Amino acid sequence: MQLNHARILLTGASGGLGEALAGQLSAAGAALLLTGRNADKLAAIALAAGAVCGRLPSDLATAEGIADAAAAARRFGANMLINNAGVGGFGLLESQDSAAVERILTTNLLVPVRLTHALLPWLKQQPAAAVVNIGSAFGSIPFAGFAAYSSAKAGLRGFSQALRRELADSSVRVIHIAPRAIDTPLNTEAVKRLNAALKNASDSPATVAAWIVEKLRNDVAESHLGFPERLFAWINGVAPSLIDRGLGEKLATIKHHAINQ
Ligand SMILES: NC(=O)c1ccc[n+]([C@@H]2O[C@H](COP(=O)([O-])OP(=O)(O)OC[C@H]3O[C@@H](n4cnc5c(N)ncnc54)[C@H](OP(=O)(O)O)[C@@H]3O)[C@@H](O)[C@H]2O)c1
């Protein structure tokens, strides 16, 4: 899609990747409606992004937040929804309380499904429209220590693929982009220590935002950002036991960092 014709509802705009995306999408000529919960941060990011930029503080984990965001997107004339809001979730499943598990699944999976569902009738009326889901490498390489997060992101990948196939005869494109680790507040100090111990690369939000903008410009439906993560995602699809074995060797390290946080 030509980004200078895009009118985008961007969720998670007050976060690390969201802020970088807001700046780069605005520079590419897109009009933006930014959402997040932190109203002050949203205001500052909207000001910096400039041009045609609206903002709507809302908690998307609530039914009211979804309805407000969808109504605002219709008023804004949105033709693209970028589901970027998310929460992290490092920890052994047995140590996470059920409220935390629920929050991880809701924010990372149910929120994008609900928002897409609410906005789809509107998007289908647009001559060209897109739903863009920001997933994670862990959606294709489900990782020990991230069981709920990985299942939410794997669910988001499945949702994206099923909906893309369902909308193949419509004007709505469905795009799924899976970054590897990014240097943002989503990652706790324990996650940073784990990534350093495992030598997992972590990209800057500006780099990831630039990759995403390039994928949107070129209409790439499905992408994993970063190597060797792209290769591991493929291996996990064809021979998951190889990844079981590889992660098995790292399990003691993962458990150490999960427990000591
Ligand atoms: N960081 C990574 O290593 C990494 C790697 C792969 C994929 N990702 C994905 O990239 C996306 C962006 O994450 P990030 O790294 O930029 O994280 P971040 O800096 O923590 O930002 C998360 C954003 O989501 C918003 N959010 C969370 N819960 C919300 C809710 N209930 N209602 C509305 N907004 C909510 C936050 O809003 P407030 O701050 O205003 O509350 C914030 O704007 C996420 O989908 C994440 O899963 C991240």
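The full count for this structure, using the stated rule, is 2 cavities of 30 Å³ or more. When its volume is computed, the largest cavity comes out at roughly 50 Å³. Looking at the largest cavity, the residues that line it are Thr11, Asn83, Asn84, Ala85, Asn108, Val111, Pro112, Ile134, Lys153 and Leu156. Elements with a contribution of two residues or more to the lining of the largest cavity: helix H4 (98-124) and helix H5 (147-166). Here the lining of the largest cavity is built from residues that sort into 5 nonpolar, 4 polar and 1 charged. When its volume is computed, the second largest cavity comes out at roughly 40 Å³. Around the second largest cavity, the lining residues are Met1, Met80, Ala129, Ala130, Arg173, Ile175, Leu216 and Asp219. Of all the secondary structure elements, the ones that give two or more residues to the lining of the second largest cavity are strand S5 (129-134) and strand S6 (172-178). Its residues placed into classes, the lining of the second largest cavity shows 6 nonpolar, no polar and 2 charged.

Another aspect to go through is the pairing of S5. Of all 6 residues that make up S5, 6 are buried, and the element is covered over most of its length. Burial along S5 is two-sided: Ala129, Val131 and Asn133 facing one way and Ala130, Val132 and Ile134 facing the other are all buried. Crossover handedness for the path strand S4 (residues 80-83) to H4 to S5: right-handed. Inspection of the sheet shows S5 paired to S6 by 6 bridges, in the parallel sense. Across the sheet, residue Ala129 finds its bridge partner in S6, namely Val172.

Cut-offs and rules
- Residues numbered from 1 in each chain as written.
- Predicted model: local features only at pLDDT ≥ 70, side-chain atom pairs only at ≥ 80, totals over all residues.
- Heavy atoms only, no water.
- 1 Å grid on protein atoms, 1.4 Å probe; cavity = no way out; pocket = protein on both sides within 12 Å on 5 of 7 lines; lining within 4 Å.
- Points joined across faces, edges and corners; volume = space filled by probe spheres on them.
- Helix = DSSP H or I, 4+ residues; strand = E, 2+ residues; numbered from the N terminus.
- Nonpolar A, V, L, I, M, F, W, Y, C, P; charged D, E, K, R; others polar.
- Buried < 20%, exposed > 50% of the residue type's maximum accessible area, 1.4 Å probe, protein only.
- Right-handed = clockwise from strand over helix to strand, strands pointing away.
- Pairing = 2+ DSSP bridges.

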